[in-house]
Amino acid sequence: EAMAVAALSHPNILGIYDLGMDGGATYAVMELLVGETLRQRLEESPLPARKALEFGLQIAQGLAAAHEKGIVHRDLKPENIFLTSDGRVKILDFGLAKVAVPDDAGTKSPTAVAATEPGTVMGTVGYMSPEQVRGKPADPRSDIFSFGSVLYEMLSGQRAFRGDSAAETMAAIAQKDPPELSEASGKFSPAVERILRHCLEKRPEERFDTAHDLAFALETAMGGSSAPRIVVEAPKRRRAVPAALAALAGLILLAAGITAGRMLQRPEQPNFRQLTFHRGYLESARFSPDGQTVIYGSSRRGEPVRVSSTRLDSIESRTLDLPPATVLGISRTGEMLLLLQCVHRGYWVRSGTLARAPLGGGAPREILENVGDADISPNGKALAVVREIGNQQRLEFPLGKQTLQTEGWVSHPRISPDGRRVAFIEHPAYGNDDGYISLADAGGPPRRLTRKWLGAQGLAWSANGKEIYFTGGQESGSANSVPRHQVWALKPGDSPRLVYGAPIYLRLHDISASGEVLVSGEDWRGEIGGLLQGDTNERELTTWSDEALSGISDDGVVYAGHEQTAEPEPFLYYRRAAEGSPVRLGPGVGFGVSPDGRWVLSIVPAGVGKLGLTLVPTGPGDPRPVSIGTLKPWTTPFEKARWSSDGTKLLIPASEPGKRPRLWLADLAGGGSIRPATPEGASLGVLSPDGKAVAAVGEDGRILIHPLGESPIPVRGTITHEIPLQWETGGNAIFVWDRTWPARIMRVELSTGTRSAWKELAADPLGLLYGNVHLTRDGRHYVYRIRRAFSELNVARGLK
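Residues numbered from 1 in each chain as written. Predicted model: local features only at pLDDT ≥ 70, side-chain atom pairs only at ≥ 80, totals over all residues. Heavy atoms only, no water.

Engineer: So what's going on with the overall build of the chain? Which residues, and what values?
Structural biologist: Helices and strands together make up the secondary structure of the chain, namely 10 helices and 53 strands. Across the 800 residues of the chain, 54% fall into the buried class. Sequence-distant contacts, at least 24 apart, represent 46% of the contacts inside the chain between residues at least 6 apart. As presented, the chain carries roughly 35,400 Å² of accessible surface, and 51% of it is formed by carbon and sulfur atoms. (Helix = DSSP H or I, 4+ residues; strand = E, 2+ residues; numbered from the N terminus. Buried < 20%, exposed > 50% of the residue type's maximum accessible area, 1.4 Å probe, protein only. Contact = heavy atoms within 4.5 Å. Areas by Shrake-Rupley, 256 points an atom, 1.4 Å probe, with all protein chains shown as cover.)

In structure tokens, the structure reads:
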């Protein structure tokens, strides 16, 4: 533990510089402190509220730094808090309070025998948490309870919990609340009392989640001021540098600084400064009205997305006291637009509850469900909202006025600085991030400003509102295409221009009024895993790290790869369960695989602007065309063709010219005839084993059974946003999934609607963003592909 604490370096934690042994005695070399303990200060009188909050903020910041390293104090009390003569707070004995201290040893706070095993009471009587009193393990929230007891004592001059004996004190901690501050020592602000109550909740899950949250709440209660700035004067040297030499050195440094500053100001030499350092995925980031604070939503260590703040002149972030959410927009009036209960419905597509919240603090107010993205106008009066309407998406600007409705999806709506227009990215295929940069006036029709970009993500208006900045990969058919997502700028009516390119993936988040740019560097990693025929344990099936999945058979799995050329061309690969590497079958986009693994359905060019279908053999044989007439195959990451068990019928998602997609049934054994199997708008279908019915998602987002030639039947036991993955061999049940990760797949009995858990896939949530799943009819074998994403937020100056 001493080694772990020695690795900490924080101004509010006692520094340990060395550890060693001498003559059989273990020693630690520590920072020399001059001052007094908090206990000694409290013996004189209660602290002024301002001073107590200043000390409390520093203690919380020290705790946050230690908790980030996985270290819990377990014995926080006034005796272990030191106040230096220059006004700094230092936490002592971090993680080292293990020896019983007699009651008469002068601490006035006996320390129980320490241990880390459950069932052993540890800590200091009077400052223990309820879980410590009960002998349960102490986590960071235990330190937050002890902090609340210390803060209460600093403000009131009285112990929060006390009794005539240690047993009575411990009983008070477990069962009673301390007197209200107003009763104990006069009137305090409601914000301070709320912080105390939040710290001293009996149940750990009802306290502040982290010490970062606690520190932010304290800073807010203090009116936004931070801890006192400490200026340490360097000791004077006996041999001073001659004044003339010092002056010369200063001039040289000044000249070097001016030269460096001029270089950084050149447009071709942008300057980047990293703002976040945790391992996780960044959903979004926005500048606050002052342009110096950044509010962002990100996941850490696989936890839900939380809203945090940081400043451009700081390396520290603080988690805001908000439920899990991501930030979508901030008005100049200081109002945030948040997305609560956010889940990814498939690949990049997300959905949640839209809410508004004051930037200065306060609970969010929910205003709209089933929202994918949104923005708030600079004056805070108008909203642009992307809503899920069944299996379609609709952009409204202003709210309630339809601008666009699509069977694809819409992302990154951003209202112009004058509040009159909204720019957004229109993605024609659900879940695929290829898209068009588009623009619409308030209440007017949309218009596409560009051709389709690959990987179009991130969009913001320039400070003057004359250009739209965005990040995207190569533009289809463009002579100046680049293979990765770079920063571009577009003036409506002109061609896009490259602002900045780098050998990494970039994603744009926001632009400040002074022209600073928030951009994240992205690290995306593909993983494929599964359980194939003959496997007893799940195995890794990744080959190139960025291949896609096209389906699974009883015999193996189909991949879609790319030739690494200037214009990537998709190729099909088939990997048999018993083979170690996939076999390349030929060009095309995988659209499904037959149950026996003999055939892969591939989408291939069929003339200018047309697509056709071909059955490609996985072994000896010749390709066989599948006639679909004028139909256009409709493909998304989840939309694949499905076979009947005997291989004679094929379910194909496709659309007629000028009409919406639906599901079609092709009779491969009966001359190749094809007919509609569902109404228009039905999608994500699976075929019954006998080929006589289809389970598909209807326009209202619910799963329906479509018997051929009969009226559809709702499937009991399924919920909105779930999709059917497979129809079980006997025809009595279907496997369904809500497209969130980790993937919890359910089996639903068709006759009764009874739901039962089948399997959870990809349980490690760290950086897990999206993916898809395929399984065999018997439910014995499966394969999944996931994408993990890790982000680092930067502020860039000089991007023009």
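Read on for the rest.
Engineer: Residue-level account of the pattern of salt bridges, with values.
Structural biologist: When the charged atoms of two side chains lie near each other, side chains of opposite charge can form a pair. If you walk through the whole model with that rule in mind, you get 39 salt bridges. For the salt bridge of E54 with K51, the shortest nitrogen-to-oxygen distance reads 3.5 Å. Here K51 and E54 lie together in helix α3 (residues 49-68), a separation of 3 residues that amounts to about one turn. Overall, E54 belongs to the buried group, its relative accessible area being 13%. The partly exposed category is assigned to K51, whose relative accessible area is 25%. We note a salt bridge from R576 to D555, for which the minimum N-O separation is 2.6 Å. In this pair, R576 is assigned in strand β33 (residues 569-576) and D555 in the loop between β31 (548-552) and β32 (556-563), connecting sequence segments 21 residues apart. One salt-bridge network, in which partners are shared between bridges, spans R39, E79, E153 and R159. (Salt bridge = Lys/Arg side-chain N within 4 Å of Asp/Glu carboxyl O.)

Engineer: Before we move on, could you go through the sheet that holds strand β10 (residues 293-298) and cite the residues and values that matter?
Structural biologist: Pairing in this open sheet of 4 strands is antiparallel, and the strands run β9-β10-β11-β12 from one edge to the other. With one partner strand each, in any of the chains shown, β9 (282-287) and β12 (317-319) form the two edges of the open sheet. Neighbour-to-neighbour, the strand axes of this sheet turn through a mean angle of 25 degrees, independent of strand direction. The pairing of β10 with strand β11 (residues 306-311) spans 6 bridges and is classified as antiparallel. Residue pairing across strands places T293 opposite R311, the latter belonging to β11. Where helix α9 (residues 211-221) meets the sheet, it contacts β11 and β12, and its direction lies at approximately 90 degrees from that of β12. (Pairing = 2+ DSSP bridges. Axes fitted to C-alpha atoms, helices over the stretch in contact; angles between N-to-C directions.)

Engineer: Mind laying out the nonpolar core, listing which residues take part and the relevant values?
Structural biologist: Core analysis: the biggest nonpolar cluster contains 54 residues, and I59, F147, M154, L214 and L218 have the highest contact counts within it. Take this core: its biggest share by element is 10 residues, from α3. With near-sequence residues (within four places) excluded, F147 lies in contact with G56, I59, A60, L63, L76, C199, L214 and L218. In this structure, V349, W409, W737 and A743 belong to the second largest nonpolar core, which totals 41 residues. (Core = buried A, V, L, I, M, F, W, Y, C linked by side-chain atoms within 4.5 Å.)

Engineer: Explain unusual backbone geometry to me, and be specific about the residues and the numbers.
Structural biologist: The omega torsion across F397 and P398 is -5 degrees, close enough to zero to call that bond cis. Residue placement: P398 occurs in the loop between β18 (392-396) and β19 (402-406). In this structure, the amide linkage connecting W741 to the following residue, P742, adopts the cis form with an omega of -5 degrees. Tracing the sequence through the fold places P742 in the loop between β49 (733-737) and β50 (743-749). The backbone phi angle of R74 is positive, close to 75 degrees, even though this residue is not glycine. Position of R74 relative to the elements: it lies in the loop between α3 and β4 (81-84). Phi at N370 is positive, roughly 55 degrees, even though this residue is not glycine. Within the element layout of this structure, N370 appears in strand β16 (residues 365-376). Its relative accessible area of 34% is what places N370 among the partly exposed residues.

Engineer: Break down the environment of K800 for me, with residues and values.
Structural biologist: Tracing the backbone through its elements, the reader meets K800 in the segment after β53 (782-797). Owing to a relative accessible area of 61%, K800 belongs among the exposed residues under this scheme. Between the C-alpha atom of K800 and that of V499, which follows or precedes it by 301 residues, the distance is 6.2 Å. Setting aside residues no more than four positions away along its own chain, K800 makes contact with Y469, R497 and V499.

Engineer: Explain the sheet that holds strand β47 (residues 713-714) residue by residue, including any values.
Structural biologist: Pairing within the open sheet is antiparallel, and its 4 strands lie in the order β44-β45-β46-β47. Edge positions in the sheet fall to β44 (683-687) and β47, since each of these pairs with one other strand and no more.

Engineer: Describe the environment of G35, with residues and values.
Structural biologist: Looking at the element boundaries, G35 is found in strand β3 (residues 35-37). Its relative accessible area of 46% is what places G35 among the partly exposed residues. As for G35 and V89, which are separated by 54 residues in sequence, their C-alpha atoms are 10.0 Å apart. Among all residues touching G35, those that are not within four sequence positions of it are F82, L83, T84 and S85.

Engineer: Account for helix α6 (residues 166-175), naming residues and giving values.
Structural biologist: Inspection of α6 places T169, M170, A172, I173 and A174 among the buried residues, and these make up the whole buried set. On the buried face of α6, the contacting elements are α4 (130-133) and α5 (140-156).

Engineer: Would you mind going over the packing of α3 against α9 in detail, with residue names and values included?
Structural biologist: Interhelical geometry of α3 versus α9 gives an angle of 160 degrees and a closest axis separation of 8 Å. When the axis of α3 is compared with that of α9, the two are roughly antiparallel. Seen along the crossing, α3 lies across α9 with a hand that is left-handed. Residues L53, G56, L57, A60, Q61, L63, A64, H67 and E68 of α3 form the contact with α9, whose participating residues are A211, H212, L214, A215, L218 and E219. The residue makeup of the contact of α3 with α9, split by class, is 9 nonpolar, 4 polar and 2 charged. (Parallel < 35°, antiparallel > 145°, perpendicular 65-115°, else oblique. Left-handed = near helix turned anticlockwise from the far one by under 90°. Nonpolar A, V, L, I, M, F, W, Y, C, P; charged D, E, K, R; others polar.)

Engineer: A description of the side chain of E396 should follow, citing residues and the corresponding values.
Structural biologist: Structurally, the position occupied by E396 is in strand β18. Exposure remark for E396: the relative accessible area of 2% places this residue in the buried category. Within the local environment of E396, its side chain forms a polar contact with the backbone nitrogen of G400, the two atoms lying 2.8 Å apart. Residue contacts for E396: discarding those within four places in its chain leaves L383, A384, V385, R387, K401, Q402 and T403. (Polar contact = N/O pair within 3.5 Å; in protein donor to acceptor, adjacent residues only side chain to side chain.)

Engineer: Report on α9, specifying residues and quantitative values.
Structural biologist: Three- or four-residue spacings in an α-helix give side chains the same orientation, since the helix completes a turn every 3.6 residues. Taking burial as the measure, the 11 residues of α9 include 9 buried ones, the bulk of the element. Considered for burial, the residues of α9 that qualify are A211, H212, D213, L214, A215, F216, A217, L218 and E219. The inward-facing, buried residues of α9 contact α3, α5, α8 (190-199), β11 and β12.

Engineer: A description of the side chain of S284 should follow, citing residues and the corresponding values.
Structural biologist: Counting through the fold element by element, S284 comes out in strand β9. The exposure class assigned to S284 is buried, which follows from its relative accessible area of 4%. At 2.9 Å, the side chain of S284 and the side chain of T326 are in polar contact. Apart from the residues within four sequence positions on either side, S284 is in contact with I295, Y296, G297, T326, V327 and H509.

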